[in-house]
Amino acid sequence: MILFTNASILGTQTADIRIDGETITEIGQGLDPAGAEVIDATGLIALPGLVDLHTHLRQPGHEDAETVLSGTKAAAAGGFTCVHAMANTTPTQDTAGVVEQVGKLGKKAGYAYVQPVGAVTVGLKGEKLAELEAMYESRANVTMFSDDGMCVSDPVLMRRALEYVRTFGGVIAQHAQEPRLTEGAQMHEGEVSAEIGLAGWPAVAEESIIARDCLLAKHVGSRLHVLHVSTKGSVDIIRWAKGLGIDVTAEATPHHISLDHTRARTYDPRFKVNPPLRTDEDIDALKAGLADGTIDTIGTDHAPHPVEAKDCEWGAGAFGMTGLETALAVVHKELVAPGLLDWADVARVMSTKPAEIGRMADQGRPIAVGEPANLCFYNPDKPVTVRGKEQNTKSTNTPWEGMTLPGQVTHTVFRGRITCREGKVTE
Ligand SMILES: NC(=O)N[C@@H](CC(=O)O)C(=O)O
Ligand SMILES: [Zn+2]
Ligand SMILES: [Zn+2]
C-alpha cells in the first residue's frame, strides 16, 4: 500500500491519495498512514499518468538508439504510463507478429503500457496496405495506424486506409509531408534557410496534405489524427475542419512549441527534425491551438538516434530528437507558466485526450477512488538543467541540452507500482 500525502490534485484540491494493489482506494485529508509506504507529496502536482501517442522505441532493429526497456524507462522518468510505439522499426510493425512482439517486450519491461502502432503500408513504402485488420485482431489490438517518418502521400491509398479502419473504429495518424515539395529539405523554408543556404521545407508541404486528408476523412466518414502539427496554416485548417464536424484530431510536440528555426544557425543537428522547427508566429499559433482545443494532444515524437547520426555536420544528421523526459517541464514552461493552460488542461492534452484517441480504456482516467493507479507527480519548483547523458534514454540527442527547465517529474506510478521515485527510475 502506498500513501501520497498532501498532493495538489490537478493543481487545485490538496489531498492524500491511497493506492492499494493496482487501484486508487481512498482520497481525502489526513488519511491513516498505518501499513502504508508514505510519500510526502507536499508541493507536488498530481496528474493522471501521461499518455504519449507518438514514441519511437526503435526495437526491433535499432537497439543501438533505444530498446523497449530503455525507452519505457525514459517514459517512466517523464511521468508517462503509456506510450504508443511507432511502426518505423526494422522489421516494420506491419504484421500481427511484429506488433505482438513489441507489445510483449513492453509487458516484460513493465515500466509503461506499450501500445504498438501498426504501419499503414507494407514496409512504410506507400505502395500497398498492410494487414490492418490482422493487427487489430492480434493480441496487440492495434487501432492506430501510421507510416510515421513517411507520409501516406498517395490519396487513393489514404482513402482506402481510412475506409478500412472505419469498420473497427481505428484511426490513421498521418505524417503530413508532400514528398515532392520537400525533396532534399533540411530545415524550414524561410529567411533563415535562405540566409544559411540550406534547402527549405515549405509550410505548404504539410498544410496541403492536412487539408486533403481532412477532406478525405469527411468524404469517407472516418477518423484522422494529424501528427506533429508545426505551422500556423495547419492549425487554421484543422480549426476549419473541426468546425465542419470532420472527425480529426491533432498533435503538437514539445519542440515545435518551444524552439524555432533560428536554432539551425548553430548547424547543430540536434535541432534537425521532421517537420522542421518553424517560426515564432507558428509557435504562437500552436500554443493558441492547444489553448482553444484545436490541437488535442501533446505528443513527444521521442526520436532517439545514435551518436554518430547526430555528431556530424547538419546535412548528414538524422531527423529527430528525444523528448519523453523533458515533455512535461517544457509544457509547464511554455503553456502553464504564461497562463495559456492550467494543470487540468495539461491532464487533458497529455493524458485524457491521447488515451481517448488511442482507445486506452485504463489510461487517462480521472484521479478518483476505484480508478487504476496510473499517476504522475510533478514538482513545479525544481528547476533542472538538461543533460542528455544523465537521461534514461539510450540516446543523447536532446535539443534542450544545457538548458534549464522549470520543474521535474518526481514520481510515476504505473498500475500501482512506483516506476520513478524522487526523479530516479526504479529497478
Ligand atoms: N521526427 C523525426 O524527425 N524523426 C522521426 C520520424 C518522424 O516522426 O517523422 C524518427 O523516427 O526519427
Ligand atoms: Zn513524423
Ligand atoms: Zn515520429
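Rules used throughout
Numbering of residues starts from 1 in each chain and follows the order in which that chain's sequence is written. To label them, take the chains in the order written and letter them from A, then take the ligands in the order written and number them from 1. For this predicted model, a pLDDT threshold of at least 70 governs which residues receive local features, and a threshold of 80 or more governs which side-chain atom pairs are given and counted, while totals over whole chains, interfaces and linings are taken from all residues. Here a strand is any run of E in DSSP of at least two residues, a helix any run of H or I of at least four, and the numbering for each starts at the N terminus. The reference for a compact globule is 2.2 Å times residues^0.38; the radius of gyration itself is calculated from the C-alpha atoms. This entry defines residue contacts through backbone-placed C-beta atoms, with two residues in contact when those atoms are within 7 Å. Put plainly, near means the residue's C-beta atom, positioned from the backbone, lies within 6 Å of the molecule or strand in question. Amino acids outside the nonpolar list (Ala, Val, Leu, Ile, Met, Phe, Trp, Tyr, Cys, Pro) and the charged list (Asp, Glu, Lys, Arg) are all regarded as polar, and Gly is one of them. Each domain's limits were defined by an automated method or a database of domain assignments. UniProt positions are given in the numbering used here, feature names are shortened, and annotations may be inferred rather than shown by experiment. The exposure label follows from counting other C-beta atoms within 10 Å of a residue's C-beta, where the C-beta atoms are placed from the backbone and the thresholds are 20 or more for buried and 12 or fewer for exposed, leaving partly exposed in between. Criterion used throughout: strands pair if DSSP finds at least two bridges between them. Convention adopted: a line fitted to C-alpha atoms gives each axis, helices being fitted over their contacting stretch, and angles between N-to-C directions are expressed from 0 to 180 degrees. If an angle is under 35 degrees, it is roughly parallel; if it is over 145, roughly antiparallel; if it lies from 65 to 115, roughly perpendicular; otherwise it is oblique. What makes a crossing left-handed is the near helix being turned counterclockwise from the far one by less than a right angle; a clockwise turn instead makes it right-handed. In this description, a nonpolar core means buried residues of the types Ala, Val, Leu, Ile, Met, Phe, Trp, Tyr and Cys, linked to one another by C-beta atoms lying within 7 Å.

(A) Layout of the overall build of the protein chain. Counting its secondary structure elements, the protein chain contains 11 helices and 21 strands. Compactness check: the protein chain gives a C-alpha radius of gyration of 20 Å against a globular reference of 22 Å for 427 residues, within 12% of the reference. In the protein chain, the proportion of contacts linking residues at least 24 apart, taken out of those at least 6 apart, comes to 74%.

(B) Quick look at the site of ligand 1. Every residue lining ligand 1 is accounted for by His 56, Asn 88, Asp 148, Gly 149, His 175, Val 273, Asn 274, Asp 301, Ala 303, Phe 319 and Gly 320. Grouping the amino acids of the shell around ligand 1 by side-chain chemistry returns 3 nonpolar, 6 polar and 2 charged.

(C) Molecular detail of the domain arrangement of the protein chain. Under the domain assignment used here, the protein chain contains domain 1 (2-45 + 372-382 + 405-425) and domain 2 (49-357). Taken together, the 19 residues of domain 1 in the interface contact 21 residues of domain 2. When contributions to the side of domain 1 that touches domain 2 are tallied by element, the ones reaching two or more residues are strand E16 (375-379), strand E19 (408-414) and strand E20 (417-421). Looking at the side of domain 1 that touches domain 2, the element that brings in the most residues is E19, giving 5 residues.

(D) Up close: the UniProt feature "active site" (unreviewed entry) in the protein chain. UniProt's feature table lists "active site" (unreviewed entry) at Asp 301, given in the numbering used throughout. Leaving out residues up to four positions away in the same chain, Asp 301 has contacts with His 54, His 228, Thr 253 and Gly 323.

(E) Geometry of the environment of Ala 87. Along the chain, Ala 87 falls in the loop between strand E7 (80-85) and helix H2 (96-109). Among the residues examined, Ala 87 registers 30 C-beta atoms within 10 Å and is labelled buried. In the structure, Ala 87 is positioned 31 residues away from Gly 118 in sequence and 5.6 Å away in space, judged by C-alpha atoms. Leave out the neighbours within four places in its chain, and Ala 87 touches Thr 92, Gln 93, Asp 94, Val 117, Gly 118, Ala 119, Ser 146 and Asp 148.

(F) Main features of the sheet that holds strand E13 (residues 224-226). One open sheet accounts for 5 strands, arranged E9-E10-E13-E14-E15; its pairing is parallel. The outermost strands of the open sheet, each flanked by one partner alone, are strand E9 (144-145) and strand E15 (297-298). With 2 bridges connecting them, E9 and strand E10 (residues 171-174) associate as parallel partners. The residue of E10 that forms the bridge with Met 144 is Val 171. Relative to the sheet, helix H4 (residues 155-166) contacts E9, E10 and E13, its axis offset from that of E10 by approximately 145°.

(G) Inspection of unusual backbone geometry at higher detail. Looking along the chain, the bond that leaves Gln 59 and enters Pro 60 is cis, with omega of 5°. One can find Pro 60 in the loop between strand E6 (50-55) and helix H1 (68-77). Pro 275 follows Asn 274 through a cis peptide bond whose omega is -10°. In this fold, Pro 275 is placed in the loop between strand E14 (248-252) and helix H8 (280-292). The residue Leu 10 is not glycine, and still its phi comes out positive at about 55°. Mapped onto the elements, Leu 10 comes out in the loop between strand E1 (2-9) and strand E2 (13-20). For Leu 10, a count of 19 C-beta atoms within 10 Å puts it in the partly exposed group. Positive phi outside glycine occurs at Tyr 267, with the angle close to 55°. Taking the number of C-beta atoms within 10 Å as the measure of exposure, Tyr 267 has 14 and is therefore partly exposed.

(H) Structural detail: the sheet that holds strand E8 (residues 113-116). One open sheet holds the 3 strands; their spatial order is E6-E7-E8, and the pairing between them is parallel. Among the strands making up the open sheet, the edge pair consists of E6 and E8. Sheet twist, expressed as the mean angle between neighbouring strand axes with direction ignored, is 20°. Direction of pairing for E7 relative to E8: parallel, over a ladder of 4 bridges.

(I) Highlighting the packing of H4 against helix H6 (residues 203-220). Relative orientation of the contacting elements H4 and H6 amounts to 45°, with a least axis distance of 10 Å. Relative to H6, H4 is oriented oblique. As H4 packs across H6, the resulting crossing turns out to be right-handed. Residue-level contacts link Pro 155, Met 158, Arg 159, Leu 162, Glu 163 and Arg 166 of H4 to Arg 212, Asp 213, Leu 216, Ala 217 and Val 220 of H6.

(J) Representation of the nonpolar core within the structure. Counting residues in hydrophobic clusters, the biggest one holds 111 residues, and the most contacted among them are Ala 46, Ala 112 and Phe 145. Among the elements that take part in this core, helix H10 (residues 327-336) stands out by supplying 7 residues, more than any other. Apart from the residues within four sequence positions on either side, Ala 112 is in contact with Thr 72, Ala 75, Ala 76, Phe 80, Thr 81, Cys 82, Val 83 and Phe 414. Of all hydrophobic cores here, the second largest spans 12 residues; its members include Ala 205, Leu 259, Ala 264 and Val 273.

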